[in-house]
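Chain and residue survey
Here are the chains, one letter per residue:
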Amino acid sequence: MTELKIYNTPVHVAREFADLFYTLFKQYQDEDKLMHVALSGGSTPKLFFKLLVERFKDIIDWNIIHFYWGDERMVPSTDAESNYGEAIRFLFDKISIPKSNIHPIRFTNQPKDEIKHYAELLAKNLDMSNGNPVFDLVILGMGDDGHTASIFPNQMELFHSDAVCELAYHPETGQPRITLTGRVINNAKNVVFLITGEKKAAVLRSVFNQDESSKNYPATYVQPTSDQLFFFVDSEAAQNIF
Ligand code: 6PG
């Protein structure tokens with residue numbers, strides 16, 4: 001079931017997704033299970049982190065949540081470009097969570113070594129199904145070129161790779177990045193897109209409606225076998241969707 005949730009503003013999107021995150025957390029707490037979450041990068045998650053902290057900082061038991069990343073730029077965590085660094089500044093520094101629950105994709109000049117390390121970490125920490133790690137929740141953004149995680153339209157083969165993680169390069173800057181592949185994203189129990197802003201409207205319409213041009217966009221191929229796919233979008237991004 002693909003569920004589309006449209007809210008007036010990015011703050012409303014972030015608030016509603018924070019509430020869904022809490023609902024998911026309660027399920028895992030009630031079942032006495034750990035919850036393994038892959039975060040996305042970019043600017044959209046900042047609002048989600050802010051609302052999550054505001055609403056649930058002292059309510060969520062962060063001990064049962066483990067955080068990972070769907071993709072990471074090969075820069076130090078102190079770099080403004082770092083997805084891990086963003087999560088430290090906007091989330092981890094504001095909640096009580098064991099450092100051992102945070103599993104960044106590590107910055108290295110040998111990304112192929114980290115690709116191997118991260119795949120081994122996921123295999124160790126997560127349940128596996130059909131040979132791939134199973135995240136409880138994968139949070140994704142989408143670029144206005146239809147990329148998701150760090151899988152760009154000119155590197156579509158990374159989405160369909162047999163590997164768990166791959167080395168990607170930003171098509172304009174050439175920045176090296178490590179990204180989860182489509183087989184891991186589509187193996188998750190729940191996948192949520194957070195998409196806001198007018199710039200995303202044309203591609204979101206295409207991806208959501210799976211029209212002819214959608215085949216050019218990596219986001220189109222996010223189709224979790226669990227069928228639990230949610231689009232949390234604002235009215236600007238959704239303006240052309242129907
Ligand atoms: C990254 C992301 C990427 C991001 C989109 C949307 O590391 O950049 O994971 O896929 O989600 O580019 O970014 P915005 O939220 O900034 O629009």
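To be clear, the structure that these remarks concern was listed above.
The structure contained in this document is the topic of the report that follows. Here the structure is a predicted model, which is why all the values come from computation and not from measurement.

Considerations on the nonpolar core
Formed by 78 residues in total, the largest nonpolar core has its most connected members in Phe 21, Ile 65, Phe 67, Phe 92 and Phe 135. Aside from chain neighbours lying at most four places away, what touches Ile 65 is Phe 21, Phe 25, Met 35, Val 37, Ile 60, Ile 97 and Asn 101.

Quick look at the packing of aromatic side chains
According to the stated counting rule, one finds 16 aromatic pairs in the structure shown. Ring centres 5.0 Å apart and planes at 20° place the aromatic pair Phe 193 and Phe 231 in the stacked group. Of this pair, Phe 193 sits in strand S10 (residues 191-195) while Phe 231 sits in strand S11 (residues 229-234), and the two are 38 residues apart along the sequence. Its relative accessible area of 0% is what places Phe 193 among the buried residues. Looking at Phe 231, the relative accessible area reads 4%, which means it is buried. In this structure an aromatic cluster arises from ring pairing among Tyr 7, Phe 17, Phe 21, Phe 48, Phe 49, Trp 62, Phe 67, Trp 69, Tyr 84, Phe 92 and Phe 232.

So, the layout of surface pockets
Roughly 680 Å³ of volume is contained in the largest pocket. Contributions of two or more residues to the lining of the largest pocket are made by helix H2 (44-56), strand S4 (71-73) and helix H3 (83-90). Of the residues that constitute the lining of the largest pocket, the class distribution is seven nonpolar, 15 polar and ten charged.

Basis of the calculations
- Numbering of residues begins from 1 in every chain and follows the order in which that chain's sequence is written.
- The model is predicted, so local features are restricted to residues of pLDDT at least 70 and side-chain atom pairs to those at 80 or more, both for listing and for counting; the totals for chains, interfaces and linings are taken over all residues.
- Only hydrogens and water are set aside; all other atoms, that is, all heavy atoms of the structure, feed into the side-chain values.
- Nine residue types can take part in a nonpolar core, namely buried Ala, Val, Leu, Ile, Met, Phe, Trp, Tyr and Cys, and a core is a set of them joined through side-chain atoms within 4.5 Å.
- To sort residues, take the accessible area from a 1.4 Å probe on protein chains only and compare it with the maximum for the residue type: under 20% means buried, over 50% means exposed, and anything in between is partly exposed.
- Any pair of residues with heavy atoms lying within 4.5 Å of one another is described as a contacting pair.
- Any Phe, Tyr or Trp ring, taking Trp's six-membered ring, that has another such ring centre within 6.5 Å forms a pair; planes under 30 degrees apart are called stacked, those over 60 apart edge-to-face, and the others tilted.
- The secondary structure listing takes helices from DSSP runs of H or I that are at least 4 residues long and strands from runs of E that are at least 2 residues long, numbered from the N terminus.
- Grid spacing is 1 Å over the protein atoms alone, the probe is 1.4 Å, and a cavity is where that probe fits but cannot get out, while a pocket is an open set with protein on both sides within 12 Å along at least five of seven lines and lining residues have an atom within 4 Å of a point.
- Grid points are joined across faces, edges and corners, and a volume is the space filled by probe spheres set on the points.
- Amino acid classes used here: Ala, Val, Leu, Ile, Met, Phe, Trp, Tyr, Cys and Pro are nonpolar; Asp, Glu, Lys and Arg are charged; the rest, including Gly, are polar.

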